[in-house]
Amino acid sequence: MSMVRISDDALANAGGAGEIASEIERRGHQVDRVSSWGMHWLEPLIEIDGIGWGPATPERIDEILDGKASDICIGRIEDHPFLARQQRLTFARAGRTRPTSFDDYRNYGGWAGLLRARSMTSDAVIEEVSQSGLRGRGGAGFPTGIKWRTVADASGSDKYIVCNADEGDSGTFADRMLMEGDPFALIEGMAIAGHAVGAGHGFIYVRSEYPDAINKLNLAIANCAGFIAPFSIEVRVGAGAYVCGEETSLLNSLEGKRGEVRAKPPLPAVEGLFGYPTVVNNVLTLAAVPHILGEGGARAYDALGIARSKGTMPIQLAGNIKHGGLYETAFGISLRELIYDIGGGTASGRPVKAVQVGGPLGAYIHPDQFDIIFDYETYTGADALIGHGGIVVFDDTADMGAMARFAMEFCAAESCGKCTPCRIGAVRGIEIIDRIRATEAGEGRERDGLEIAPQMHNARKTARSREDEVQLLEDLCETLKFGSLCALGGFAPYPVMSALRHWPDDFGK
């Protein structure tokens, strides 16, 4: 009998994968629900003896089972150009294993890193992670080895490993995919970190919008609890606050407090969860560790990438793009290659106008900048962010002035309210952008839900010229950038200033 595999990923299920799997089982076939390959534009994707059909629909099941439906047959899945060009380390098991099967994970190289780590001293494990060049995959890009060393050297009767799985950036889904498709990789990475720094317990802080990930994590933890002992892990569910993606806000939330930013110092590595030294790492950071400690090795990982950006990055292609999905590759690839050669350009067929990298507070990158390469320092030098590796594409119908306003609106809505620049500055930013975008006519208008009375409109136009308003916006952004307690306020200027710099006409003349 043929081997039938269908993804059990939330995106695939949203497209009808569950219904399709049930229909195939009714026809007498066994179906394995596996992790997603990450080719999202082809979901639901049916794999039969290695050959793929997608996107599949219930009406075409019999054709597919008979080896027909040639118009949606993509041939051997592993040979598809989207996959063949990748360098998959973190997602090496994607599409191959059942997410909560202990045996599947072990048979595909799982647990080798933890077993090796436990045969080494803690210092040796930290040194190997440091030599690999692994940096945080959650946004800041801080060297993982240095963070682990700080926690290991800190004094404290207890120490903790905290996984930040509060994936809230627009266009990002790699954390979700890994937790739903390969949860043991995250668990193994956390257990290795616990051994390295002397921590006996870990927490995975998952956003409430990821129910499938929460369920699979809990199942996987239960299935391997004895194996990873004496280290233990607990899943905690967030309450929807974007600011809890910031590590100190997350720690407050874990402690049952209001999710607001803590002033630093002290750093979480010295005084973190419940006042004890704490490693706070992103899902992708921790999931990269088993490969480094396993058969891959630090030197092999360090050999990938460029300059100080080592290893691979799971890049997420989203927005108005033809081939959306997860693409893991070494640092150094250009944005142009990602958008056109791999992503296939826009889904609408219209020209690309802008690309936002790094979430809702990442800079909007103009097509003239598409030769920029994926590298932390290169992006920083271009006043941009790599962040969590999310890429959102916009075609030429996008209003970049409205997108800049949204950045300020988003910051105002999600601010924890602790610092003045973020709490007040974002509100003032909305007002300034509205004044810049105001028409020359002296009559009332309504834009993006905000109505400005005629007398107020005229008064503002009289009080300041457009140039004055732009200068005021620039000054405000500088205050936000350097005066905010955390990255929420500090990064809000990136989309605003990049939109104003590259698409001034979208702000009105």
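Residues numbered from 1 in each chain as written. Predicted model: local features only at pLDDT ≥ 70, side-chain atom pairs only at ≥ 80, totals over all residues. Heavy atoms only, no water.

## A few points about the overall build of the protein chain
Consideration 1: The helix and strand inventory of the protein chain stands at 22 helices and 18 strands.
Consideration 2: Here the C-alpha radius of gyration of the protein chain, 24 Å, is about what a compact globule of 509 residues would show, namely 23 Å.
Consideration 3: The principal-axis extent of the C-alpha atoms belonging to the protein chain is close to 75 × 65 × 40 Å.
Consideration 4: Per-residue burial over the protein chain gives 56% buried out of 509 residues.
Consideration 5: Long-range contacts, defined here as pairs at least 24 residues apart, represent 70% of the contacts in the protein chain between residues at least 6 apart.
Consideration 6: Total accessible area computed for the protein chain in this model is approximately 19900 Å², and 50% of it derives from carbon and sulfur atoms.
Consideration 7: Put simply, the protein chain has 50 plus and 68 minus side-chain charges, and the middle of one group is 3 Å from the middle of the other. (Helix = DSSP H or I, 4+ residues; strand = E, 2+ residues; numbered from the N terminus. Rg over C-alpha atoms; globule rule 2.2 N^0.38 Å. Buried < 20%, exposed > 50% of the residue type's maximum accessible area, 1.4 Å probe, protein only. Contact = heavy atoms within 4.5 Å. Areas by Shrake-Rupley, 256 points an atom, 1.4 Å probe, with all protein chains shown as cover. Lys, Arg positive; Asp, Glu negative; His and termini not counted. Charge placed at Lys NZ, Arg CZ, Asp CG, Glu CD.)

## Describing the nonpolar core
It is characteristic of soluble globular proteins that their nonpolar side chains tend to be buried jointly.
Consideration 1: Membership of the largest hydrophobic core comes to 61 residues, with the highest contact counts inside it found for Trp-148, Leu-186 and Ile-204.
Consideration 2: No other element matches the ten residues that helix α10 (residues 183–197) contributes to this core.
Consideration 3: Aside from chain neighbours lying at most four places away, what touches Leu-186 is Cys-163, Leu-178, Met-179, Ile-204, Leu-217, Val-283 and Leu-286.
Consideration 4: Core analysis: the second largest hydrophobic core is formed by 37 residues, Val-243, Val-261, Leu-361 and Met-400 among them. (Core = buried A, V, L, I, M, F, W, Y, C linked by side-chain atoms within 4.5 Å.)

## Points about the packing of aromatic side chains
Consideration 1: Counted under the stated rule, the structure contains 19 aromatic pairs.
Consideration 2: When the centroid spacing of 4.9 Å and the interplanar angle of 55° are considered together, the rings of Trp-111 and Phe-227 count as tilted. Remark: Phe-227 occurs in helix α11 (residues 211–228) and Trp-111 occurs in the loop between α5 (102–107) and α6 (112–117); sequence separation between them is 116 residues.
Consideration 3: The exposure class assigned to Phe-227 is partly exposed, which follows from its relative accessible area of 31%. (Phe/Tyr/Trp six-rings, centres within 6.5 Å; stacked < 30°, edge-to-face > 60°.)

## Examining the pairing of strand β8 (residues 232–237)
Consideration 1: The pairing of strand β7 (residues 201–206) with β8 spans six bridges and is parallel. Within β8, the residue paired with Tyr-205 across the bridge is Arg-236.
Consideration 2: Note that the unit made of β7, α11 and β8 has a crossover that is right-handed. (Pairing = 2+ DSSP bridges. Right-handed = clockwise from strand over helix to strand, strands pointing away.)

## Some points on the pattern of salt bridges
Consideration 1: As enumerated under the stated definition, the model contains 36 salt bridges in all.
Consideration 2: Residue Asp-104 is joined to Arg-98 by a salt bridge in which the shortest nitrogen-to-oxygen separation is 2.9 Å.
Consideration 3: Two residues, Glu-247 and Lys-147, come together in a salt bridge whose shortest N-O distance is 4.0 Å. Of this pair, Glu-247 sits in helix α12 (residues 247–254) while Lys-147 is found in helix α8 (residues 144–153), placing the two residues 100 residues apart along the sequence.
Consideration 4: When salt bridges that share partners are traced, they join Glu-23, Arg-26, Arg-27 and Asp-62 into one network. (Salt bridge = Lys/Arg side-chain N within 4 Å of Asp/Glu carboxyl O.)

## A few points about the environment of Ile-233
Consideration 1: One can find Ile-233 in strand β8.
Consideration 2: For the pair Ile-233 and Asn-218, spaced 15 residues apart in sequence, the C-alpha to C-alpha distance is 9.2 Å.
Consideration 3: Setting aside residues no more than four positions away along its own chain, Ile-233 makes contact with Ile-187, Met-190, His-201, Gly-202, Ile-204, Ile-221 and Ile-228.

## Focus on the layout of surface pockets
Consideration 1: Roughly 280 Å³ of internal volume is contained in the second largest pocket.
Consideration 2: What lines the second largest pocket is a set of 19 residues, among which Leu-89, Arg-93, Tyr-108, Gly-109 and His-291 lie closest to the centre.
Consideration 3: Of all elements in the fold, only α6, α10 and α13 (283–293) reach the threshold of two or more residues within the lining of the second largest pocket.
Consideration 4: Take the lining of the second largest pocket: its biggest share by element is three residues, from α13. (1 Å grid on protein atoms, 1.4 Å probe; cavity = no way out; pocket = protein on both sides within 12 Å on 5 of 7 lines; lining within 4 Å. Points joined across faces, edges and corners; volume = space filled by probe spheres on them.)

## Focus on the sheet that holds strand β6 (residues 160–165)
Consideration 1: The strand order across the open sheet formed by four strands is β8-β7-β6-β9, and the pairing between neighbours is parallel. Edge positions in the sheet fall to β8 and β9 (278–282), since each has one partner strand and no second. Adjacent strand axes in the sheet meet at a mean angle of 20°, parallel and antiparallel pairs treated alike.
Consideration 2: Strands in contact with α10 are β6, β7, β8 and β9; relative to β6, the strand with the most contacts, it is inclined by about 150°. (Axes fitted to C-alpha atoms, helices over the stretch in contact; angles between N-to-C directions.)

## Quick word on helix α7 (residues 122–132)
Consideration 1: Listing the buried residues of α7 in full gives Val-125, Ile-126, Glu-128, Val-129 and Ser-132. In an axial view of α7, the angular spread of the buried residues amounts to 160°, which keeps them on one side of the axis.
Consideration 2: Where α7 is buried, its residues touch α6, α8, α10, α13, α14 (298–302) and β11 (309–310).
Consideration 3: Gly-133 sits one or two positions beyond α7 and adopts a positive phi of about 80°. (Arc of directions from axis to C-beta.)

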